[in-house]
Every structure is written in structure tokens, then in C-alpha cells.
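# What the coordinates show
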Amino acid sequence: MNKNLDNPLEMVSLISPDTLIKVSSTLDKSVGKKNLIDGSPETCWTSQQGLPQTITLTFPSSSSSSRGVIPKTLSLTFQGGFVGQTCAIHVRPVPVHLDSSEKATWKVLKYIYPEDVNRRQTFTLPTPTVTTVNSALSSSSEPSTPPVTVGVSALPSASTDGRIGPEDIIDAHPTVEKRLGISALKLTFETSSDFFGRVTIYDLELKGYRLG
């Protein structure tokens, strides 16, 4: 039996104090972007009027050889009545050849459709491989077919900080293309349950794996 199936990876939070967070707008200073990740149920981020509204996470790179992160679950806690009900998740893959001048571009990973409720909602994300992002549409329409993904249980074991080496993935899966990690993730809220297009989020959490 494959030992990797007996030792699935333990996901870690991909948002750290060094993660760069950018939002499309903020209603005022009291509801700023820092409230998205402060862990308090009393604080929130609220956008201004108008659509779309976006949240962009750029992950820190520890070295020039960093292969980014693999996001697997996204959790959002909205304010009912101010929910981004159609959300495109874009990712910016780490270039295949890290020492090249290849330009990283945004790709649609998945569409999610949060409910207009106050409770925490968690969404599973497909693994961002070249196959995944190329099978998703780069326009505003929803992909017509599910992308091909790599199951978590099939990935190699990781250290306690959630890091796995890219060579481990390639060795274990010779058919998997090398562009597994991403350097940034963007949420684009195309619709809102609020008539004026505002979005309010109390908590944002992204979990997954760090590539060494």
C-alpha cells in the first residue's frame, strides 16, 4: 500500500503577518482590510459601493527558489445582506522556470457561490497545476467542466510546518506538471446580495501547503 495514502498532509494557514493584502476599496478606516485576518468576530472589512470588489493575497517568498503555496480550503464569514454571492478565484502561478523571464499571469481557478448568511462558509479548492488553470476559463463565465486536480491523499508527506519539496511531487507524480505552487490569490466578487454592491467580511482564512 502506498505509504502516502496513510499519511495525508496536514494543512497549515497560508496567511501570515508577511502576507500582502490588497482590497479594491474600503468604506472607511474602521472597517479596513486588516480586520479580515485579525481573528476577531467583532471587526470586519466593508467595501464601498459598486462591483466588482476584490481581495488579493500575495504570499511572501522566502528565497528566489520558492515555489509558492498550494491553497486547498478557503473560509469566509460574511455579514448577511452584504455577501459576495458570485466569486471568481484567480491564482497567479509560480513560473515553471524560476530563473527565466516568464511572466506570471492571473488564471481562473474556480467559481464559488456563497450563501447570503452570517455563518462561516468553507470551500474546497482544486490543486493549481498547469492542467487545472488551463482548463478553467480566463473570462468572467464559469468553467463548463471541473478542472483535473491532484488529490491531497496522494501528495507526499510534509514536515510539521506544512512544507513539501517540489521534487517530491514530481517524483511521486511524473505526469504532474511542475507549476504547482502559486504566488498570489485573488477573490473577485462579481455580484453582491447588497443592492449597492457592498461586501462585508468578518473573517477570511486560507489553508493549504507551502512548497519548499
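Refer to the preceding data block for the structure.
First, a word on scope: everything that follows refers to the structure included in this document. What you see is a predicted model; the values in this text were computed from it and never measured.

### Side note on the overall build of the protein
In terms of helices and strands, the protein carries 3 helices and 11 strands. The linear arrangement of helices and strands in the protein, starting from the amino end, is α-β-β-β-β-β-β-β-β-α-β-α-β-β. A fraction of 77% describes how many contacts in the protein between residues 6 or more apart in sequence connect residues 24 or more apart. Taken as a whole, the protein presents about 10,600 Å² of accessible surface, with 51% of it coming from carbon and sulfur.

### Quick look at the pairing of strand S4 (residues 53-58)
Within S4, 5 of the 6 residues are buried, leaving the element largely enclosed by the surrounding structure. Bridging between strand S2 (residues 20-23) and S4 involves 4 bridges; their strand directions are antiparallel. Residue Ile21 lies in a different strand from S4, and its bridge partner there is Leu57. Relative to strand S10 (residues 182-191), S4 is paired through 6 bridges, and the arrangement is antiparallel.

### Here's the deal with the pattern of salt bridges
One pass over the structure, following the stated rule, counts 4 salt bridges. Residue Arg119 is joined to Glu115 by a salt bridge in which the shortest nitrogen-to-oxygen separation is 3.1 Å. Overlapping salt bridges, with partners in common, bring together Arg120, Asp203 and Glu205 in one network.

How each quantity is defined
Residues numbered from 1 in each chain as written. Predicted model: local features only at pLDDT ≥ 70, side-chain atom pairs only at ≥ 80, totals over all residues. Heavy atoms only, no water. Helix = DSSP H or I, 4+ residues; strand = E, 2+ residues; numbered from the N terminus. Contact = heavy atoms within 4.5 Å. Areas by Shrake-Rupley, 256 points an atom, 1.4 Å probe, with all protein chains shown as cover. Buried < 20%, exposed > 50% of the residue type's maximum accessible area, 1.4 Å probe, protein only. Pairing = 2+ DSSP bridges. Salt bridge = Lys/Arg side-chain N within 4 Å of Asp/Glu carboxyl O.

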